[in-house]
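# Close look at the chain arrangement
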Amino acid sequence: SQQGEEDPQALSIQEGENATMNCSYKTSINNLQWYRQNSGRGLVHLILIRSNEREKHSGRLRVTLDTSKKSSSLLITASRAADTASYFCATDSSGNTGKLIFGQGTTLQVKP
Amino acid sequence: DGGITQSPKYLFRKEGQNVTLSCEQNLNHDAMYWYRQDPGQGLRLIYYSQIVNDFQKGDIAEGYSVSREKKESFPLTVTSAQKNPTAFYLCASSLAAFRSEAFFGQGTRLTVV
């Protein structure tokens with residue numbers, strides 16, 4: 001079952017520009033997480049935002065959560081070529097299953 | 001160094017064979033997970049374990065089996081019943097099941113030859 005869905009599927013920007021990725025989900029959640037994956041590697045945790053939080057920052061990353069719209073966004077400011085990767089949102093349903101469900105990801109390419 | 005280690009990095013399986021993927025963590029995490037990732041896709045949950053000697057099926061458990069005899073180890077066996085096993089397999093662990101940051105291994109790429 002698909003819980004989080006990212007938009008856009010692919011994004012190409014120039015170095016120095018900002019990158020915004022969106023995630024929509026269907027059911028109530030306890031928290032939402034963003035992960036990064038370099039090609040052929042494991043995922044790396046970026047940020048966890050709880051359902052009672054609206055915004056969180058970590059370095060050049062800014063995550064927002066709108067539970068009324070069941071959506072989240074990840075903003076990477078002043079992007080660098082090294083930010084090139086796939087970005088996934090993951091949600092844990094506050095329902096019975098409580099499993100962490102990953103979206104299909106946004107592939108970000110930052111051109112130097 | 002604390003972390004989660006998967007081995008091997010690449011694995012080739014002949015049709016009809018069972019193969020076992022290794023996952024070890026020294027983070028003292030209670031919860032461990034196995035995910036499957038197909039090209040250009042997100043992760044799908046195969047099995048998870050919230051505590052030693054206990055595990056539950058995820059969304060795509062058919063053709064897979066696991067064990068959790070030790071806190072540090074959560075091996076995944078891909079059986080011959082799994083009809084399309086070629087994929088990238090990711091193991092992860094976390095302090096509490098699905099409620100906290102997950103730490104991932106570097107993955108095992110399994111190919112059926």
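Notes on the structure in this doc start here.

Cut-offs and rules
- Residues numbered from 1 in each chain as written.
- Chains lettered and ligands numbered in written order.
- Predicted model: local features only at pLDDT ≥ 70, side-chain atom pairs only at ≥ 80, totals over all residues.
- Heavy atoms only, no water.
- Salt bridge = Lys/Arg side-chain N within 4 Å of Asp/Glu carboxyl O.
- Contact = heavy atoms within 4.5 Å.
- Polar contact = N/O pair within 3.5 Å; in protein donor to acceptor, adjacent residues only side chain to side chain.
- Helix = DSSP H or I, 4+ residues; strand = E, 2+ residues; numbered from the N terminus.
- Nonpolar A, V, L, I, M, F, W, Y, C, P; charged D, E, K, R; others polar.
- Pairing = 2+ DSSP bridges.
- Axes fitted to C-alpha atoms, helices over the stretch in contact; angles between N-to-C directions.
- Core = buried A, V, L, I, M, F, W, Y, C linked by side-chain atoms within 4.5 Å.
- Buried < 20%, exposed > 50% of the residue type's maximum accessible area, 1.4 Å probe, protein only.
- Phe/Tyr/Trp six-rings, centres within 6.5 Å; stacked < 30°, edge-to-face > 60°.

## Let's talk about the pattern of salt bridges
Enumeration over the complete set of coordinates arrives at seven salt bridges over all chains. Residue arginine 36 of chain B pairs with aspartate 38 of chain B through a salt bridge whose shortest N-O separation is 3.0 Å. A salt bridge links arginine 44 of chain B to aspartate 38 of chain B; the shortest N-O distance between them is 2.8 Å. Bridged by salt links that share partners, the residues Arg36, Arg60 and Asp83 of chain A form one connected network.

## Quick look at the interface of chain B and chain A
In this complex, chain B contributes 21 residues to the contact, which on the side of chain A involves 22 residues. One can count zero salt bridges joining chain B with chain A. In this structure, the connection of chain B to chain A is made through four residue pairs in polar contact (both at pLDDT 80 or more). Mapped onto the side of chain B that touches chain A, the elements with two or more residues apiece are β4 (31-37), β5 (43-51) and β9 (87-94) of chain B. In terms of residues, the side of chain B that touches chain A owes the most to one element, β5 of chain B, which gives three residues. Looking at side-chain class alone, the side of chain B that touches chain A contains nine nonpolar, eight polar and four charged residues.

## Observations regarding the sheet that holds strand β3 (residues 19-25) of chain B
Residue and element names in this part refer to chain B. Taken in spatial order, the four strands make up an open sheet running β1-β3-β8-β7, and their pairing is antiparallel. Two strands close off the open sheet at either side, each with one partner strand: β1 (4-7) and β7 (64-66). Neighbour-to-neighbour, the strand axes of the sheet open up by a mean angle of 20 degrees, direction not taken into account. Where β1 and β3 come together, four bridges link them in antiparallel fashion. Across the sheet, residue serine 7 finds its bridge partner in β3, namely serine 22.

## Digging into the sheet that holds strand β7 (residues 61-66) of chain A
Residue and element names in this part refer to chain A. What the five strands build is an open sheet, ordered β1-β3-β8-β7-β6; its pairing is antiparallel. Of all strands in the sheet, those with a lone pairing partner are β1 (5-7) and β6 (55-58), marking the two edges. On average, each strand axis in the sheet is inclined to that of its neighbour by 20 degrees, with strand direction left out of account. Pairing analysis gives six bridges linking β7 to strand β8 (residues 71-76), with the strands arranged antiparallel.

## Re the nonpolar core
By size, the foremost hydrophobic cluster in this structure holds 21 residues, and its most contacted members are Met21, Leu32, Trp34, Leu74, Ile76, Tyr87 and Leu108 of chain A. Residue assignment for this core shows that the elements contributing at least two residues are β2 (10-14), β3 (19-24), β4 (29-37), β5 (43-50), β7, β8, β9 (85-93) and β11 (106-111) of chain A.

## Side note on the pairing of β9 of chain B
Residue and element names in this part refer to chain B. Of all eight residues in β9, eight are buried; the element is thus mostly enclosed. Neither face of β9 is open: one carries Ala87, Tyr89, Cys91 and Ser93, the other Phe88, Leu90, Ala92 and Ser94, and all of them are buried. In terms of strand pairing, β4 meets β9 through seven bridges, oriented antiparallel. Of the residues in β9, the one forming a bridge with glutamine 37 is phenylalanine 88. The pairing of β9 with strand β11 (residues 108-112) spans three bridges and is antiparallel. Bridged to phenylalanine 88 within β11 is arginine 109. The pairing of β9 with strand β10 (residues 103-104) spans two bridges and is antiparallel. The partner of alanine 92 across the bridge, within β10, is phenylalanine 104.

## Topic: the packing of aromatic side chains
On inspection of all chains with the given rule, the structure shows eight aromatic pairs over all chains. Every member of this aromatic cluster is reached through a ring pair, and the members are Tyr35 and Phe102 of chain A together with Tyr33, Tyr35 and Phe104 of chain B.

## Description of the environment of alanine 96 of chain B
All names here are of chain B. Note on placement: alanine 96 falls in the loop between β9 and β10. Between the C-alpha atoms of alanine 96 and isoleucine 46, which are 50 residues apart in sequence, the distance is 18 Å. Look past the residues within four positions of alanine 96 in its chain and what remains in contact with it is Ala31 and Tyr33.

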